[in-house]
Amino acid sequence: MSAFSSHRWQEISPYLDHALSLSDEARADWLATFRAERSDLADVLEKLLEEHRELAQEHFLEYQPAQPNAEPSLTGDTLGAYKLISHIGEGGMGNVWLAERIDGRFERRVAVKFLHLAMASQGVAERFKREGRILGQLAHPHIAELIDAGVTLKGEPYLVLEYVRGNQIDEYCDERTLGVDARIELFLDVLSAVAHAHTNLVIHRDIKPSNVLVSSEGDVKLLDFGIAKLLADDASSAAATILTLQGGGAMTPLFAAPEQMTGGAITTATDVYSLGVLLYLLLTGSHPAGPGPRSAANLVKAITETDPPIASQAVASWEETACAEKRGVTPDKLRRRLRGDLDTIVAKALKKSPRERYASVTALADDLRRHLRDEPISARPDTFAYRAAKFVRRNRTAAALSTLALILTIAGVTATLLQARMVRKQRDLAFRERDRAHLITEFMSGMFKVSDPSEARGKTITAREILDTASKSIDTGLAKDPETQAQLMGVMGNVYESLGLYPSAQPLLEQAVDIQRQVLGPKNPETLKSMSDLVSLLDVEGHYAEAEKLERETLDIRRHVLGPEDPESLTSMSQLAWALAQEGRYAEAEKLDREVLASQRRVLGPEHPTTLKTTDDLATVLTNEGRYSESEGLQREVLGIERRVLGPEHPGTLLTINNLTWNLELEGRYAEAEKFEHEALDVERRVLGPEHPDTLRTNGNLAITLSGEGHYAEAERIEREVLSISRRVLGPEHPDTARTLYNLACLAALQGRRDEALSLLREAVDHGLRPFVYLQVEKDPDLKSLHGDPRFGAFVAYAKNRAAAGSKQN
Amino acid sequence: MGSERTLLALIDAAEDGNKPAADALFSALYSELRRLARRELARRGAPISISPTTLLHKAYIEIAGKDGTSFAHRYRFMGYAARVMRGLIIDHARNRHAQKRGGRFEITSLGAEIENAADDQKLSRISDALDELAKVEPALAEIVDLKFFCGFSFAEIGAMRNVCERTVQRKWEKARIYLHRSVRADLEI
C-alpha cells in the first residue's frame, strides 16, 4: 500500500481517529474486536498503527524546518566574556542563544537572552544592568541563576542566564503521567523558589508554564525572575507592559492577575494568583478562564470579573478521559480527588481581590502540605450559596457588575457543559459544536440586550431581570437544540434557586428534566442530576410528597446503574430520608439515615462533610421523635468536627448549630440556645447577608427562643421583620413565610390577643404552612390561651380537613 | 488601511468559495509576510531569525489592527496564513539549497536538524502531499501547516479551534501517517 486514494482515506480516517485516541493496551483490545467485524480494514489499520509508532520514535515532522528569514547568524560572535554557540529558541521576550565563557574561568554553558526592546538612553541601559545584578543575587536551587545583564553595542539588552535543559512543567507532568500528589510535590518546589524570591523582595510577575522547567531528573527551575519588572519600568502602565511583553505581540496574558490587567499594585499576591493559575492547569489540564477561543476583551473580563469554575468541575470540561489518564486515574477519581481541599486551595489562590488570596506563597505551600498529610487546611471553601449571596449583595451596590458576573457565570457553566458533551460526541463534533456555540452565543447576546442602555434607559438592571428575560425566551430561543436548551434551563433554574426565587426555578427545572428524559433517556447521568436538582428544590419549597416520589425514581435508577454504595446513590437515599422526615414519617427516615450513615462512614470516612450532614439529619429526626438527649449528643459531636474541618462559617456548621438550638429549646434550655443563635446570626449576616433565607431562619429561631424566655415584644419585633423580608424574598406562599405567620400567631396568643392569633393561624394554613406544624396545633403549649374558644375548635377541624384533602391529592 | 481591509474581505470571499479571491489572498499574504520578515530583521540591532509564529502574530496585528477583531477571526486568519507560510518556507528551502551549493551560509533552526538537501526535497513533497490531504480533510492539513510549518503548539492550535490539545495531537498524528505514506511512496521510485 502506498499513498491513499481519497476514497480509501475517508473510509479509514474515522477508525484511525478512534484507535489513536486509545491507550496502547486498549488499542490492541479494540483492534481484536474490530477484526471480527472488518478483518480487511483491521489489517490495514494495524499496519498504519505500527507505522504510527515508528513515526513517533523517529519524531517524524516534529521539528520545524529551517526558517525562511534566517540570515547570517550570530554563531561565533562574542558578547562580553561569552561566545555564542547556537540559537536555541525564541520566546515571547526575545531570542535565546546557547553560549560559553571564553575567558576559561568557568566551563559552564549559559543561555543568552536578547530582549526585544531598544534601550532608549544610556541611563536606562545603566539601570538595566544595575537591576540585573540585583536579580543575580537570587541564589536558590530552583531558580535559574541570572549571571549577567548587559546591553550590546547596538543597544540591544541581553541577559546571561543559567542554561537549563528541561520541559515545561505541565508537559513534563503529562508526559510522565504524574498523579495529583506528584504534581503537587513538584509544584511545592516552584513555591519554595518563589517564596525565596519574595523574602528578597523580588516579585516574578510572569509565572507561567514556559517559565517553569523541569529537568529529566525532576529538578524544577524557575526562569526569568523579575525580568518583567526590568522591562516594565520603561513602559507607561502595568497593563500595557504585560500586553506588549507577551510574545510576538498578540498573545494575551493568560497567567496575569486581575491587578495586572487593571493597573493595580503589583505585589507578592500577584505571584500567588499566577501560581494559582498554574496549579489549576496542572491539576485539571485546563485554564481557569476555560478553553478558547476568546477575544482579548473577554479574557480580560474573565480574569478581572468571572469566578472560574471550581477545579473539580473543570475536569469535566476537558476531554476528561485523556486529562485523567495523564494523571493516572479515571475522570471520576480525579474529580473526587480534587473536590474539597484542592478546590478550596486553588480558589483561594485565584481570588480576584489580592487581599482575599493567601497572604503569602508560604501559606499556600503550607495548605498544600497539610492536604498531602491529610490534615485540615486553613482555607475555607466558597459555597455556591455564598457565591450567590455575594451576587445579591453586590447587586445592591453595583448592579451592572453583578449582572455581568452572573451572566458570565452562566455562560461559563454552559461552556463547561458543552465541553463535557464533546467527549461523548467526538464524531460529529466539528459541525455541531460550531452550530451549538453559535446558538448559545446568539441566545446569550439576547440576554445581554436587556442591559443595552437603549432598552433599559436609566433603570438599574438586576441579575433577576436578566434571568427573567432569558427564561422567557429560552423556550423558543434554543428549541432547535433541546439538549443545550435543557442544560441552560437547568443552570438558570439552579441560579434562581440559589437566589431564593423558588417559584421561578421550578418550571425551568421541570422542563429540563422532561426534555432530558426524552432526549438523553431517563438513566443518563445528566437527567439524574437534573432530577436531583428538582428534588432539592421541591424540598425547600415544601412539596415533600412530590419530592419523595421523584427521589425514589432517582434512587432506583442510581442504585441500579451505580450500585447501592455509590456516593450518588447514598445522596439520593439521604434526600429521600429528609423528604420522609418532613412528611412526619420519622421512623422510616431514621432507618434510612442510619443505613446511609453506616455506608458513608465506611466509604467517605466519618469526617467527610457529607457524612456529617447525614449525621445532622439523623439528629434532627431524633429531635422530632422527642429523643432530645440522644440528638444533642450527636449534634455536639458533629459540631465539634465541623468547626474543625469545615470552619465556623461553613453553612454545614451553621445548620448544625441551628438544629442544636432547636433541640435545646424543645428541652427548655433557652439561654444556651440563645447564645448559639447569636453566634450563628453574626456569621450569617456577615457572610450571607441579612436577607438570605438561612439568616431569616436563624432570626426566626432566635425569636422563638426569646418568646420561650418570655421576651414577647422583642420576639414579635423580630418575627415581623422576618415576615416582611420573607414575603418579599421567598414569596407569600413559601412554607417559611407561613411558619413566620404561625409563630406570630403563637406570640399573639401568648399575649392574650386571641382574635389576632386566630386570624393569623388561618392565614398561615392557607398560605402553605407545613402540615406537620398545623396538625399538632392542639398540642402547641403556646396556643393554650385559645383552648376552649369554639373558633379554635373550628380551626382545628378545618386544618385536619385540609390535611386530609392534601394527602388525597397526592 | 485600505489594503488591510481588503485582506480581511478576501478571507471572507475565499471562505465563500471564491477561487480568484483565494488566489489573491494567497499572494497578498505571501508578500505581506515577506515584507514583515524583512522589516523585522532590519529593525533589530542584530541579524537574528524570527520565528514563523511570531511573524504570523505580527502580521495579524498589522492586518487586523488593534481594535475589536475576535479570536475566532484570528483563527481563520492563522489558518490561511499558515498555508502561505508553508509556501514561503518551501521557497526559502529551495533557495537556501541553491545558495548552499554556492558557498558558506549558516542556517539557524528552531527545534533542530533538518539540514540537508534531501530534506529540502522532502519538504516539497510533504507540501504536495499536504495539498492532496487538504482536498480530503482540510482540517488535518491545516493542523500540519500550523504545527510543523509555523511552530504553533498543540495547545495553541487547540485554543484556536476550541478543542483540547489531545484532540489536535491525535489529528496531527493521523495526518502524519497520511503524509508519510505519500512521501514514502514518492521516495520509493
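Criteria and thresholds
Residues numbered from 1 in each chain as written. Chains lettered and ligands numbered in written order. Predicted model: local features only at pLDDT ≥ 70, side-chain atom pairs only at ≥ 80, totals over all residues. Heavy atoms only, no water. Helix = DSSP H or I, 4+ residues; strand = E, 2+ residues; numbered from the N terminus. Buried < 20%, exposed > 50% of the residue type's maximum accessible area, 1.4 Å probe, protein only. Contact = heavy atoms within 4.5 Å. Areas by Shrake-Rupley, 256 points an atom, 1.4 Å probe, with all protein chains shown as cover. Salt bridge = Lys/Arg side-chain N within 4 Å of Asp/Glu carboxyl O. Expected span 1.5 Å × (residues − 1). Arc of directions from axis to C-beta. pLDDT = per-residue confidence, 0-100. Axes fitted to C-alpha atoms, helices over the stretch in contact; angles between N-to-C directions. Parallel < 35°, antiparallel > 145°, perpendicular 65-115°, else oblique. Left-handed = near helix turned anticlockwise from the far one by under 90°. Nonpolar A, V, L, I, M, F, W, Y, C, P; charged D, E, K, R; others polar. Phe/Tyr/Trp six-rings, centres within 6.5 Å; stacked < 30°, edge-to-face > 60°. Lys NZ or Arg CZ within 6 Å of the ring centre and 35° of its normal. Pairing = 2+ DSSP bridges.

**Thoughts on the overall build of chain A**
Thinking step 1. Within chain A, the secondary structure is distributed over 36 helices and nine strands.
Thinking step 2. Burial status across chain A gives 53% buried among its 810 residues.
Thinking step 3. Sequence separation of at least 24 residues holds for 61% of the intrachain contacts in chain A that already meet a minimum separation of 6.
Thinking step 4. Element-wise, carbon and sulfur atoms account for 53% of the exposed surface of chain A, whose accessible area totals about 35100 Å².

**Concerning the overall build of chain B**
Thinking step 1. When its secondary structure is counted, chain B shows eight helices and zero strands.
Thinking step 2. The linear arrangement of helices and strands in chain B, starting from the amino end, is α-α-α-α-α-α-α-α.
Thinking step 3. When the 189 residues of chain B are sorted by exposure, 53% land in the buried category.
Thinking step 4. A separation threshold of at least 6 residues defines the contact pool for chain B, and within that pool the share at least 24 residues apart is 59%.

**Topic: the environment of arginine 76 of chain B**
Residue and element names in this part refer to chain B.
Thinking step 1. Position of arginine 76 among the secondary structure elements: in helix α4 (residues 71-102).
Thinking step 2. On the basis of relative accessible area, arginine 76 is assigned to the partly exposed category, the value being 24%.
Thinking step 3. Arginine 76 has contacts with Ile11, Asp12 and Glu15, leaving out every residue within four places of it along the chain.

**Considerations on the pattern of salt bridges**
Thinking step 1. Enumeration according to the criterion identifies 60 salt bridges over all chains in this entry.
Thinking step 2. For arginine 585 of chain A, the salt bridge is made with glutamate 588 of chain A, and the minimal N-O distance between the two is 3.1 Å.
Thinking step 3. Look at the salt bridges and you will find they share partners, linking Asp17 of chain A together with Glu137, Arg170, Lys171 and Lys174 of chain B into a network.

**What to know about helix α34 (residues 754-766) of chain A**
Residue and element names in this part refer to chain A.
Thinking step 1. The first and last C-alpha atoms of α34 sit 18 Å apart over 13 residues, in line with the 18 Å expected at 1.5 Å per residue.
Thinking step 2. Ala757, Leu758, Leu760, Leu761, Ala764 and Val765 are the residues of α34 that are buried. Angular distribution of buried residues about the axis of α34 spans 165°; they occupy a single face of the element.
Thinking step 3. Positive phi shows up at glycine 768, right after α34, with a value of about 95°.

**Topic: the confidence of the model for chain A**
Residue and element names in this part refer to chain A.
Thinking step 1. When pLDDT is averaged along chain A, the result is 75, and 73% of the positions lie at 70 or above.
Thinking step 2. In this model, residues 232-252 is a region of pLDDT below 50 whose contacts with residues beyond four sequence positions or in other chains number 40 contacts.
Thinking step 3. Within the model, pLDDT remains below 50 along residues 806-810, and this stretch shows one contact once partners closer than five positions in the same chain are excluded.

**A look at the packing of helix α6 (residues 180-199) of chain A against helix α10 (residues 268-284) of chain A**
Residues and elements named next belong to chain A.
Thinking step 1. At a closest axis distance of 11 Å, the pairing of α6 and α10 adopts a crossing angle of 165°. Judged by the inter-axis angle, α6 sits roughly antiparallel to α10. Crossing of α6 against α10: the hand is right-handed. The residues of α10 that touch α6, namely those facing Val180, Arg183, Ile184, Phe187, Val190, Leu191, Val194 and His198, are Thr268, Asp271, Leu275, Leu278, Leu279, Leu282 and Leu283.
Thinking step 2. Looking at the contact of α6 with α10 residue by residue, the classes come out as 11 nonpolar, two polar and two charged.

**Some words on helix α29 (residues 651-666) of chain A**
Residues and elements named next belong to chain A.
Thinking step 1. With 16 residues, α29 extends 23 Å from end C-alpha to end C-alpha; this agrees with the ideal 22 Å at 1.5 Å per step.
Thinking step 2. Counting buried positions over the 16 residues of α29 gives 12, a clear majority of the element.
Thinking step 3. Of the positions making up α29, those classed as buried are Gly652, Thr653, Leu654, Thr656, Ile657, Asn658, Asn659, Leu660, Thr661, Asn663, Leu664 and Glu665.
Thinking step 4. Remark: glycine 668 follows α29 within two positions and exhibits a positive phi of approximately 85°.

**Focus on the packing of aromatic side chains**
Residue and element names in this part refer to chain A.
Thinking step 1. Counted by the stated rule, this structure contains seven aromatic pairs over all chains.
Thinking step 2. A ring pair is formed by tryptophan 30 and phenylalanine 34, whose centres lie 4.9 Å apart and whose planes are at 10°; its orientation type is stacked. Of this pair, tryptophan 30 and phenylalanine 34 are both found in helix α2 (residues 24-37), four residues apart, which corresponds to roughly one turn of the helix. For the pair tryptophan 30 and phenylalanine 34, a shared accessibility class is recorded, and that class is buried.
Thinking step 3. The positively charged end of lysine 675 is found above the aromatic ring belonging to phenylalanine 676, 5.0 Å away from the centroid.
Thinking step 4. The ring of tyrosine 798 carries the charged tip of arginine 762 above its face, separated from the ring centre by 3.9 Å.

**Some points on the side chain of threonine 653 of chain A**
Thinking step 1. Among the secondary structure elements, threonine 653 of chain A is positioned in helix α29.
Thinking step 2. In this structure, threonine 653 of chain A is in contact with Leu639, Glu642, Arg643, Leu646, Gly647 and Pro648 of chain A, ignoring residues within four places of it in sequence.

**Considerations on the sheet that holds strand β7 (residues 167-168) of chain A**
One key point about sheets: their strands pair by backbone hydrogen bonds, in either a parallel or an antiparallel sense.
All names here are of chain A.
Thinking step 1. Reading across from one edge, β7-β8-β9 is the order of the three strands in this open sheet, with antiparallel pairing throughout. Every interior strand has two partners, whereas the edge strands, β7 and β9 (220-222), have only one.
Thinking step 2. Lying over the sheet, α6 contacts β8 (212-214) and β9, oriented at roughly 40° with respect to β9.

**Quick look at the packing of helix α23 (residues 525-541) of chain A against helix α25 (residues 567-582) of chain A**
Residues and elements named next belong to chain A.
Thinking step 1. Taken N-terminus to C-terminus, the directions of α23 and α25 make an angle of 20°; their axes are 11 Å apart at the nearest point. Overall, the two elements α23 and α25 adopt an arrangement that is roughly parallel. Crossing hand, α23 versus α25: left-handed. Mapping the contact onto sequence places Ser532, Val535, Ser536 and Asp539 in α23 and Gln575, Trp578 and Ala579 in α25.
Thinking step 2. Here the contact of α23 with α25 is composed, by residue class, of three nonpolar, three polar and one charged.

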